[in-house]
Amino acid sequence: MQWLQLILALSILVVIHELGHFCFARIFKVRVEKFYMFFNPQFSLIRAKKINGKWQVRFFAPNVEPAMVAEQDAMGNDKKDEKGNTIYRPMTDEELQALPEDDWRRYPDSTEWGIGWVPFGGYCAIAGMVDETKSATDLASEPQPWEFRAKNVWQRLCIIIGGILVNFVAALLIFGMVLFHWGKDTLPISQITTGLYYSDIMLGEGFEQQDKILTINGAEPEDLGDITQWIILEGKQDVVVLRGTDTVRLTMSDDLGTRFLALQNDFDRVEREKARADKTYMKRNYLLVSYFMPFVVDSVIPGGAASFADMQHGDSVVGVNGMMGLCRAQIDNELIKYPCDSVTLDFYRAGELMHARLFIGDHAHVGVYIKGLGAFYTPQHTDYTFFEAIPAGIKYGWDMLVMYVKQFRLVFTKEGAQSVGGFGAISNMFESVWDWHSFWHMTAFLSLILAFMNFLPIPALDGGYILFLLWEIITGKKPSDKFLEVANTIGFWLLLALLIFANGNDIFKAFF
C-alpha cells in the first residue's frame, strides 16, 4: 500500500512538473516533441498523437523512430565521427513530407503523448534543447525558429523554471485544500500538564523528566515539532524550562544535531534487527522529546500475558519490578530489558496500588492496548473557509520548505549521510493503510522536495540549466551545445551515483 501511494504521488508530481515546462514552451511557440509519464525504452504502454484533427492511439507499441537520417559526404557515404559512429542529422521539412501519411514523424508540430513502462519518472522532450532525451549531435546545424535554443535567454529561463514553479505552487495549493477539507489539529505544549518525556541525549543536556519547555532562544514553541526543528535543525541553544516551580536555563551543545542523528541511526539499526527476528515486532522511532504519557490499559488482548494476570480496562501501570513513577515510554524501555522473562508490574486500580507477575515472552509484550493521547488531551481543531485556507496553506508550505532546507545541511555530515534514503525510505513515510489526508499531505511535501531538488545547480537538473542561463545573462556568452551535452552527462552520472547511494542505504538497512 505504501508503494502504491508513492508511485501515484510521484506520477502526479512528475506530470505537473513536466506540464510546467510544456506550458511555457508552448507559450513561446517552442515545439514539444514528446510528453511522457514514466520512461519508455524500446516501447510504450500507450502513445497518442493528434494528426489532422484526429487522435491516433497505440497500445503496447514500439517507439516511433527519431526523425533523423545519416549525414553523407560528397561521395554519398555515411559520415563517421572519430569513434567510427555514424553521424545523424534531423530530417528536413522536405524529407518529413516525403514520409507515408501514417508516419507520426511527418507531423512534428503535434506533441506525442504517452505512458512508459518504467515508473518513477517522466520527461518532456522540447525541440532544440540538449537534455536527457537528445545530445548536441541530434540538433540541426542552424537553430530553427521553433526550437528552444532559438529563443531569447529570458524565454528559455521561463521554460526551465516552469517545472519548479508549478511544483512549488501545486504544493501550496494542496496544503491549502487539505486545510480547507480536514482543518488542522494541534496540541499546544502549554496544554501538557504532565510535562515532557526526554530521550537520553536530552537528559545529557541537563533536562529532567517532566520539565516543561517555556522558550527556545526567546520564542515559545507551539508543539513538539517546533522543539525538534529549533534545537536539531536550526541549532538553537538557549532553552528555558519550568522544573516544578523553578525556572531553569539550559544551553545545548554545538554538536547536538549530529549526535542525535548518530543515536537515531544506532537505534534504528537495533530496531531493524528485532523486526527481522520477529515479523510481528513493531519498530519504534528514536524521538528527541515526546509527551510524558501515562500507561493506562484500554483493553486486554485475549490470551495475552495481561489476561492471565487478570488486568483490566483502566489499570494505570506506574512501575516495573519496583521501579516506580514511570511513564509509558519508560515502561516500554524497561520491558524490553527482560525478553523471555517475567516482570512485576505495579499499577493502580480505583486508587489502590496493585501488583501482577507477568511472563512477557521473548517479544516483551504485556498483551494490552494502551490509551492514546486523545484519551487525556483534546487537540485544538481549526476549520478554514476556502479563502482562509489558501493563505494558511501558503504559510504552512513555506514553513515546511524552510524546515527541509535547514535539514538538508545535515546531509553533508557523516551521520546525515547514513540517514539518506531512497525510494524505500520515502515509501515508509506514507501510511500502511490508505488515508487520503495523509496521502495528499505527503504528496504536497514531496512536491516541495521535488521543487527544491530541481533548483539545485547540478547539470541535468533544472537548476543546472538555470545556472548556465544566468551565466549567459551576466556575461552575454551562451554555452555551446557540446558544453551542455558534456555537463549534462557529468550531472547524469552524479545523480545516478547519488541515487545508487540512497537506495543502497535502503538495501543495506533491509538486510543488515
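Here, every reference points to the structure presented above.
A short tour of the structure in this document, coming up. All values derive from a computational prediction rather than experimental measurement.

A separate point is a nonpolar patch on the surface. Nonpolar side chains collect at one region of the surface, where Phe43, Ile46, Trp55, Val57, Phe59, Phe60 and Trp117 lie side by side and expose about 730 Å² of accessible area between them. If one sorts the elements of the nonpolar patch by residue count, strand 3 (residues 54-62) sits on top with four residues. Secondary-structure assignment places valine 57 in strand 3.

For the rest of this paragraph, the subject is the nonpolar core. Counting residues in hydrophobic clusters, the biggest one holds 57 residues, and the most contacted among them are Leu196, Phe207, Ile213, Ile227 and Ile231. Looking at which element gives the most residues to this core, the answer is helix 12 (residues 436-455), with eight residues. Beyond its immediate chain neighbours, meaning those up to four positions away, isoleucine 227 contacts Ile189, Leu196, Ile213, Ile216, Pro221 and Val289.

Right, let's get into the pattern of salt bridges. Taken as a whole, this structure holds 17 salt bridges when the rule is applied. Ionic pairing is found between glutamate 71 and lysine 79, a salt bridge with its closest N-O pair at 3.7 Å. On the accessibility criterion, glutamate 71 (25% relative accessible area) is partly exposed. According to the relative accessible area criterion, lysine 79 is partly exposed, its value standing at 34%. Close ionic contact of aspartate 255 with arginine 259 constitutes a salt bridge, the shortest N to O distance being 3.2 Å. Given the relative accessible area of 37%, aspartate 255 is considered partly exposed. Overlapping salt bridges, with partners in common, bring together Glu205, Asp255 and Arg259 in one network.

Attention now goes to the side chain of glutamine 5. Take glutamine 5: it is sitting in helix 1 (residues 2-27). Of the residues examined, glutamine 5 reaches a relative accessible area of 0% and is grouped as buried. Side-chain polar atoms of glutamine 5 contact the backbone oxygen of glutamate 431, separated by 2.8 Å. Among residues more than four places away in sequence, those in contact with glutamine 5 are Phe430, Glu431, Val433, Trp434, Asp435 and Phe439.

A full pass over the atoms with the stated rule returns 23 aromatic pairs. Plain terms: the ring middles of phenylalanine 468 and phenylalanine 483 are 5.4 Å apart, the flat faces sit at 75° to each other, and that makes the pair edge-to-face. Highlighted residues: phenylalanine 468 in helix 13 (residues 462-475) and phenylalanine 483 in helix 14 (residues 481-511), separated in sequence by 15 residues. On the basis of relative accessible area, phenylalanine 468 is assigned to the buried category, the value being 14%. Under the relative-accessibility criterion, phenylalanine 483 is labelled partly exposed at 42%. Centroid distance phenylalanine 492 to tryptophan 493: 5.4 Å. Interplanar angle 75°. Geometry classified as edge-to-face. Here the aromatic residues Phe430, Trp434, Trp436, Phe439 and Trp440 are joined through ring pairs into a cluster of three or more. Here arginine 31 stacks its cationic end above the ring of tryptophan 146, 3.8 Å away from the centre of that ring.

Parameters at a glance
Residues numbered from 1 in each chain as written. Predicted model: local features only at pLDDT ≥ 70, side-chain atom pairs only at ≥ 80, totals over all residues. Heavy atoms only, no water. Patch = residues over 30% accessible without salt bridge, like charges linked within 9 Å, V, L, I, M, F, W, Y side chains within 5 Å. Areas by Shrake-Rupley, 256 points an atom, 1.4 Å probe, with all protein chains shown as cover. Salt bridge = Lys/Arg side-chain N within 4 Å of Asp/Glu carboxyl O. Helix = DSSP H or I, 4+ residues; strand = E, 2+ residues; numbered from the N terminus. Core = buried A, V, L, I, M, F, W, Y, C linked by side-chain atoms within 4.5 Å. Buried < 20%, exposed > 50% of the residue type's maximum accessible area, 1.4 Å probe, protein only. Contact = heavy atoms within 4.5 Å. Polar contact = N/O pair within 3.5 Å; in protein donor to acceptor, adjacent residues only side chain to side chain. Phe/Tyr/Trp six-rings, centres within 6.5 Å; stacked < 30°, edge-to-face > 60°. Lys NZ or Arg CZ within 6 Å of the ring centre and 35° of its normal.

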